[in-house]
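The residues making up each chain are set out below.
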Number of protein chains: 10
Amino acid sequence: MYRLFVLAKCDLGHAASVGNRIAEMEEVSEVYSVTGEYDLLIKVGFSDLPEIEDFVQEKLHAVPGLKETVTMMSYRVYGEDIGDFVS
Amino acid sequence: MYRLFVLAKCDLGHAASVGNRIAEMEEVSEVYSVTGEYDLLIKVGFSDLPEIEDFVQEKLHAVPGLKETVTMMSYRVYGEDIGDFVS
Amino acid sequence: MYRLFVLAKCDLGHAASVGNRIAEMEEVSEVYSVTGEYDLLIKVGFSDLPEIEDFVQEKLHAVPGLKETVTMMSYRVYGEDIGDFVS
Amino acid sequence: MYRLFVLAKCDLGHAASVGNRIAEMEEVSEVYSVTGEYDLLIKVGFSDLPEIEDFVQEKLHAVPGLKETVTMMSYRVYGEDIGDFVS
Amino acid sequence: MYRLFVLAKCDLGHAASVGNRIAEMEEVSEVYSVTGEYDLLIKVGFSDLPEIEDFVQEKLHAVPGLKETVTMMSYRVYGEDIGDFVS
Amino acid sequence: MYRLFVLAKCDLGHAASVGNRIAEMEEVSEVYSVTGEYDLLIKVGFSDLPEIEDFVQEKLHAVPGLKETVTMMSYRVYGEDIGDFVS
Amino acid sequence: MYRLFVLAKCDLGHAASVGNRIAEMEEVSEVYSVTGEYDLLIKVGFSDLPEIEDFVQEKLHAVPGLKETVTMMSYRVYGEDIGDFVS
Amino acid sequence: MYRLFVLAKCDLGHAASVGNRIAEMEEVSEVYSVTGEYDLLIKVGFSDLPEIEDFVQEKLHAVPGLKETVTMMSYRVYGEDIGDFVS
Amino acid sequence: MYRLFVLAKCDLGHAASVGNRIAEMEEVSEVYSVTGEYDLLIKVGFSDLPEIEDFVQEKLHAVPGLKETVTMMSYRVYGEDIGDFVS
Amino acid sequence: MYRLFVLAKCDLGHAASVGNRIAEMEEVSEVYSVTGEYDLLIKVGFSDLPEIEDFVQEKLHAVPGLKETVTMMSYRVYGEDIGDFVS
């Protein structure tokens, strides 16, 4: 299980539509509006690495209203790995 | 349920000890080593707001080897709220 | 009582109109033009967390002339909590 | 009435002591722990400009555990000026 | 006497016209082209605080070719206050 | 007449002593405590370029409590050049 | 053998097309999508310095969808220089 | 094959010793001194994800003279994947 | 002899045309494409200060394809001043 | 001829000693104190690439009082290449 975290900035007024759209994507387990410089924090799970490519470039970056993303790959889970409960 | 995300920088070579220490804290549901500028991404759950204060100031910021934190409060969950499964 | 502080940049020449517009919003207790990199500092009060979502995404980010916001959630008040005297 | 807002970073683990100490200062009406890059947001009121100098340099910057401050002077209040209710 | 300093970036090729235009404003005592990241450094004097609002929002930010400003309020003069000799 | 502007950060609690010390320097016409990221804004006048070297490196950077400086050289004065009235 | 590394940001949704286009360039030995602030990390080899100019300005910066690049020239290889195996 | 790229800053004068030390690590295929803000660019290969944790935290961050690292995980190779030829 | 150094960013694909255009300017002694965040490093010589104004505002900032500049004035030459050999 | 430009920050009060020391190095053709964020701009010439390594790591970064450097490699000279007149 690979986990990618994405911090996303949206065009002003588009955070909700972007957040909802991303939350529907099968790889996505959690999407939050967060305080601070970024609008959204997104948690994504993959079974293998190449999936990340499709997700980021074909799906995530195709969402209208998205402005900028910073991706962070998790390479270690501390404590018990509770896994992801993708709805 | 309040969710706080914390991006943390650690003194060089201390990320593992800091990560493990934080993962043991009851409020903490997930701790990851992540690529990028920060060493750790931490997900914390609270039942009420004042708990955040104790967590950040008394517990998190007391962990030896921690250098800097940026906190982000979640104020909206998109899609189904899967809750947190605190070990 | 949840308090959110917002630092806002406006399109050049729009700070006044943006400031006035935001000051009329019921959740908003105080709006200031401030020196420095940002044009406005806004103080907002909520009775529960989900209200923040509507405020930030539906109301604040819909104000014409607003360019960029950084939100900060207060999680502790020091000294006596004087509350907010929303006009 | 002059209002100064101060964003403050504290040495790790000192935010609470710094916040409490500042909240006791007569010029200070409100002090918050806030999410984000800074630890504290402080609201200060003055009756005349030179008071700011004493406050920032003699009092604020003398508090042990304070690391860095960014000050913002308010030069306009939008909507009704609710004043400051200094405890 | 309130003094406000403004660092200003201009659209490429507009610094001269912006500088000249600002120098004609009655509140403005000095305008310089400066080396570095910013194009202009502007020194402005006010007899009372609300004037700043009009100057920054109604006059300064209305100048065509101006791109971005950072304002700094002076709250202490060191040595003899030589005042401002507004032409 | 060459004019150099210096934005200076001081060690916490040292801005006053640094400001006073600098204000006594013959080349210095004005020194202000300012809001924002920097503590002081300094205006210096020189009759020829090499003087700047001595001032910055031998005098300014020798002042105890000074932490960091950004220098900006003025290469154009807009409007009437009111000169500098060095006390 | 001169090696240049390029960190590249692409217009949202264009990283794949930009990456593929650049990977076809003869000077290019490796192109990766990477996590973090940048979309692509590119490794380029040259037999002499002036080739860099043509590559960066005529070829790389002509690729549609490319937004911003930061170039880093390697001036030392540690350990065994495995050379570049340009397909 | 997982590839991690690391941009590293070293304590002044330590880049060579750090570079040599890292080049000896079995996971490391290439280490370069590069121009720009960072001292070293490091290319590391792993057969599985958890290895990254050990490498970054136990080996890389234990090298004396290393000051700061930014890690970037590759999740796509463009063009032919030439693999890594670890000496 | 006044020397001004300019770091310049260009619109993507325009560095060559901008570089060539600037190199023809009489005040300019050297123009380089450089690695890093900026596209060009320009060295300019003036016999008196006001010339800088014309050069920066009338000539440099009028070059099509130029996006952003940071200017640095030299105020001391170390070692022998080799002067500038303007072609 | 390879040309490397170095922007250098020095410990406060050490710019002169650092500048003088560097100006004596045979590879160095020009060293300037410059306005702005950096203290020194250094121009260095090499006949081949590996020399850069020795210069940066063994000589430049060994100078006491130097704090931080950003290196930029020139890969194109516009207009006539006037060469370097190393004293």
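Residues numbered from 1 in each chain as written. Chains lettered and ligands numbered in written order. Predicted model: local features only at pLDDT ≥ 70, side-chain atom pairs only at ≥ 80, totals over all residues. Heavy atoms only, no water.

- You'll find chain A entered in an unreviewed UniProt entry as DNA-binding Lrp family transcriptional regulator, with Sphingosinicella soli given as the organism.

**Overview of helix 1 (residues 15-23) of chain B**
- Buried within helix 1 of chain B we find Ala15, Ala16, Val18, Gly19, Ile22 and Ala23 of chain B. Across the axial projection of helix 1 of chain B, the buried residues extend over an arc of 165°, all falling on one side.
- Of the surrounding elements, those touching the buried residues of helix 1 of chain B are strand 4 (66-78) of chain A, strand 1 (2-10), strand 2 (28-34), strand 3 (40-46) and strand 4 (66-78) of chain B together with helix 2 (50-59) of chain H. (Buried < 20%, exposed > 50% of the residue type's maximum accessible area, 1.4 Å probe, protein only. Helix = DSSP H or I, 4+ residues; strand = E, 2+ residues; numbered from the N terminus. Arc of directions from axis to C-beta. Contact = heavy atoms within 4.5 Å.)

**Here we look at the pairing of strand 2 (residues 28-34) of chain F**
- By the criterion of burial, strand 2 of chain F is predominantly enclosed, with seven of the seven residues buried.
- The pairing of strand 4 (residues 66-78) of chain E with strand 2 of chain F spans four bridges and is classified as antiparallel. Each residue of the ladder has a partner; that of Ser74 of chain E, found in strand 2 of chain F, is Val34 of chain F.
- The antiparallel pairing of strand 2 of chain F with strand 3 (residues 40-46) of chain F creates a hairpin that spans five residues between the two strands, and Gly36 of chain F there sits at a positive phi of about 110°. (Pairing = 2+ DSSP bridges.)

**Concerning the interface of chain D and chain E**
- The partner chain E presents 12 residues to the 12 residues of chain D that form the contact.
- Each partner contributes to the roughly 1300 Å² buried at the junction of chain D and chain E, and carbon and sulfur atoms together form 57% of this total.
- The interface formed by chain D and chain E includes two salt bridges.
- Of all elements in the fold, only helix 2 (50-59) and strand 4 (66-78) of chain D reach the threshold of two or more residues within the side of chain D that touches chain E.
- Classifying every residue of the side of chain D that touches chain E gives eight nonpolar, two polar and two charged. (Buried area = accessible area lost by both parts, 1.4 Å probe. Salt bridge = Lys/Arg side-chain N within 4 Å of Asp/Glu carboxyl O. Nonpolar A, V, L, I, M, F, W, Y, C, P; charged D, E, K, R; others polar.)

**Things to note about the relation of the copies chain D and chain E**
- Relative to chain E, chain D is turned by 180° and slid 0.0 Å along the rotation axis, the superposed coordinates differing by an RMSD of 0.0 Å. On the angle and the small slide along the axis, the relation comes out as a two-fold axis. Of every C-alpha in chain D, the one belonging to Met73 of chain D sits nearest the axis of rotation, 3.4 Å from it.
- Residue by residue, 100% of the interface of chain D is reproduced at the interface of chain E, so both copies engage with the same surface. (Least-squares fit on C-alpha atoms with pLDDT ≥ 70 in both.)

**So, the side chain of Ser33 of chain G**
- Along the chain, the position of Ser33 of chain G falls in strand 2 (residues 28-34).
- Setting aside anything within four residues of it in sequence, one finds Ser33 of chain G in contact with Gln57 of chain A, Asp39 and Leu40 of chain G together with Met73, Ser74, Tyr75, Arg76 and Tyr78 of chain H.

**Regarding the sheet that holds strand 3 (residues 40-46) of chain H**
- Sheet architecture is closed into a barrel: eight strands sit in the order 1(G)-3(G)-2(G)-4(H)-1(H)-3(H)-2(H)-4(G), paired in antiparallel fashion. Between one strand axis and the next, the sheet turns through 35° on average, direction left out of account.
- Note: strand 2 of chain G against strand 3 (residues 40-46) of chain G, five bridges, orientation antiparallel. Note on strand 3 of chain G: the bridge partner recorded for Tyr32 of chain G is Leu41 of chain G.
- The strands touched by helix 2 of chain H are strand 1 (2-10), strand 2 (28-34), strand 3 and strand 4 (66-78) of chain H; relative to strand 3 of chain H, the strand with the most contacts, the crossing angle is about 145°.
- Running over the sheet, helix 2 (residues 50-59) of chain J touches strand 4 (66-78) of chain G together with strand 2 of chain H and is turned about 90° from strand 4 of chain G. (Axes fitted to C-alpha atoms, helices over the stretch in contact; angles between N-to-C directions.)

**Some words on the packing of aromatic side chains**
- The full count for this structure, using the stated rule, is 25 aromatic pairs over all chains.
- On the numbers, 5.7 Å between centres and 55° between planes, the contact of Tyr2 of chain D with Tyr2 of chain E is tilted. Linking Tyr2 of chain D in strand 1 (residues 2-10) with Tyr2 of chain E in strand 1 (residues 2-10), this pair reaches from one chain into another. In this structure, Tyr2 of chain D and Tyr2 of chain E share a single accessibility class: buried.
- Taking 4.8 Å as the distance between ring centres and 55° as the angle between the ring planes, the aromatic pair formed by Phe5 of chain E and Tyr32 of chain F counts as tilted. A residue pair is termed interchain when its members come from two chains, as with Phe5 of chain E in strand 1 and Tyr32 of chain F in strand 2. In this structure, Phe5 of chain E and Tyr32 of chain F share a single accessibility class: buried.
- In this arrangement the basic side chain of Lys9 of chain F is found over the ring face of Tyr38 of chain F, its NZ or CZ atom lying 5.3 Å from the centre. (Phe/Tyr/Trp six-rings, centres within 6.5 Å; stacked < 30°, edge-to-face > 60°. Lys NZ or Arg CZ within 6 Å of the ring centre and 35° of its normal.)

**Here we look at the interface of chain B and chain A**
- Of the residues lining the interface, 31 residues belong to chain B; the matching set on chain A comes to 31 residues.
- Our enumeration of links across chain B and chain A arrives at two salt bridges.
- Between Lys43 of chain A and Glu30 of chain B there is a salt bridge, with its nearest N and O atoms 2.4 Å apart.
- Across the chain B-chain A interface, the total number found is 16 residue pairs in polar contact (both at pLDDT 80 or more).
- Elements with a contribution of two residues or more to the side of chain B that touches chain A: strand 1, helix 1, strand 2, strand 3 and strand 4 of chain B.
- In terms of residue class, the side of chain B that touches chain A is made up of 17 nonpolar, nine polar and five charged. (Polar contact = N/O pair within 3.5 Å; in protein donor to acceptor, adjacent residues only side chain to side chain.)

**Structural notes on the arrangement of the chains**
- Separated without contact, chain C and chain G have their nearest C-alpha atoms at a distance of 19 Å.
- The two units chain A and chain J remain apart, with a minimum C-alpha distance of 24 Å.

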